[in-house]
Amino acid sequence: MKLMFASDIHGSLYWAKALRAAWEKEAPQKLILLGDLLYHGPRNALPREYDPQGVAELLAGMKKDILCVRGNCEAEVDQMVLPFPVMADYAALWLDGPMAFVTHGHLYNEGALPALGRGDLLIHGHTHVPTIRWHQEEGYTYLNPGSVSIPKEDSPNSYMICQDGYFSIRQLQDGKEFLGKSIK
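Residues numbered from 1 in each chain as written. Predicted model: local features only at pLDDT ≥ 70, side-chain atom pairs only at ≥ 80, totals over all residues. Heavy atoms only, no water.

Novice: Where do I start with the overall build of the protein chain in this structure?
Specialist: Secondary structure assignment for the protein chain yields three helices and eleven strands. Moving toward the C terminus, one meets the helices and strands of the protein chain in the order β-α-β-α-β-α-β-β-β-β-β-β-β-β. The C-alpha atoms of the protein chain give a radius of gyration of 15 Å, which matches the 16 Å a tight globule of 184 residues would have. Out of the 184 residues in the protein chain, the part that is buried amounts to 54%. Summed over its atoms, the accessible surface of the protein chain is roughly 8,500 Å², and 50% of this surface lies on carbon and sulfur atoms. (Helix = DSSP H or I, 4+ residues; strand = E, 2+ residues; numbered from the N terminus. Rg over C-alpha atoms; globule rule 2.2 N^0.38 Å. Buried < 20%, exposed > 50% of the residue type's maximum accessible area, 1.4 Å probe, protein only. Areas by Shrake-Rupley, 256 points an atom, 1.4 Å probe, with all protein chains shown as cover.)

Have a look at this one:
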């Protein structure tokens, strides 16, 4: 199975269109959105082509292919305009062996761990920084696809692909991998 993970669109129609183009090219079975879809948040500048309604319409056209968790910028009003569930704080996925705890990152993260077993994965956005980090003592791997629209710490706009136990974080503009790790 091929899965695509993306986070922190923050209402940018420009970058949402780039994400859809990458999704069409990658052709994953599911697009897993890690929250902060429509609103930019008070700590962020307005992203390029800020158009939450346009982003909602674009994502609505992909609704059968999306699994989503709630970000800190989601509200009940967002659920009213999006035709797929967006209010769950987390999801658990089994990826050819390890359990992946999928969340936005504002409630559960490296500093506030959910219940993870040895070999499990913690996947979240929120920080806007692409990361793959093994925590040997606790026995889990942390993965973050970065941000679709507002990358931080000089990282590129990005998303992540999981296929056959390999996680690849890629630049949104050209699909080139810049971080990768096999989790098997």
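Having seen it, we continue.
Novice: Is there a simple way to think about helix α1 (residues 13-26) in this case?
Specialist: Residues lying three or four places apart along an α-helix face the same way, a consequence of the helix completing one turn every 3.6 residues. Across its 14 residues, α1 extends 20 Å between first and last C-alpha, which sits within 8% of the 20 Å expected from 1.5 Å per residue. Looking at α1, one finds that the buried residues are Leu13, Trp15, Ala16, Leu19, Ala22, Trp23 and Glu26. Positive backbone phi, approximately 55°, marks Ala27, located one or two places after α1. (Expected span 1.5 Å × (residues − 1).)

Novice: Looking at this structure, how should I read unusual backbone geometry?
Specialist: The general pattern is negative phi for most residues beyond glycine and trans for most peptide bonds. Non-glycine residue His10 carries a positive phi angle of around 50°. Secondary-structure assignment places His10 in the loop between β1 (2-6) and α1.

Novice: Would you mind showing me how to read the pattern of salt bridges here?
Specialist: Between side chains of opposite charge, pairing is possible as soon as their charged atoms come close. Counted according to the given criterion, the structure contains six salt bridges. The salt bridge partner of Lys2 is Glu26, with a shortest N-O separation of 3.0 Å. Taken together, the residues span a long stretch of sequence, with Lys2 in strand β1 and Glu26 in helix α1 at a distance of 24 residues. Members of the salt-bridge network, linked through shared partners, are Lys2, Glu26 and Arg170. (Salt bridge = Lys/Arg side-chain N within 4 Å of Asp/Glu carboxyl O.)

Novice: Explain the state of the cysteines to me, please; I cannot follow it from the model alone.
Specialist: Each disulfide consists of one covalent bond between the sulfur atoms belonging to two cysteines. Here the structure, examined in full by the defined rule, presents zero disulfides. Note on Cys73: no disulfide assigned, nearest cysteine sulfur contributed by Cys68 at a separation of 12 Å. Judged by its relative accessible area of 13%, Cys73 falls in the buried class. Unpaired in terms of disulfides, Cys162 finds its nearest cysteine sulfur in Cys68, a separation of 18 Å. (Disulfide = S-S within 2.5 Å.)

In short, the description is geometric, and any link to function would need to be established separately.
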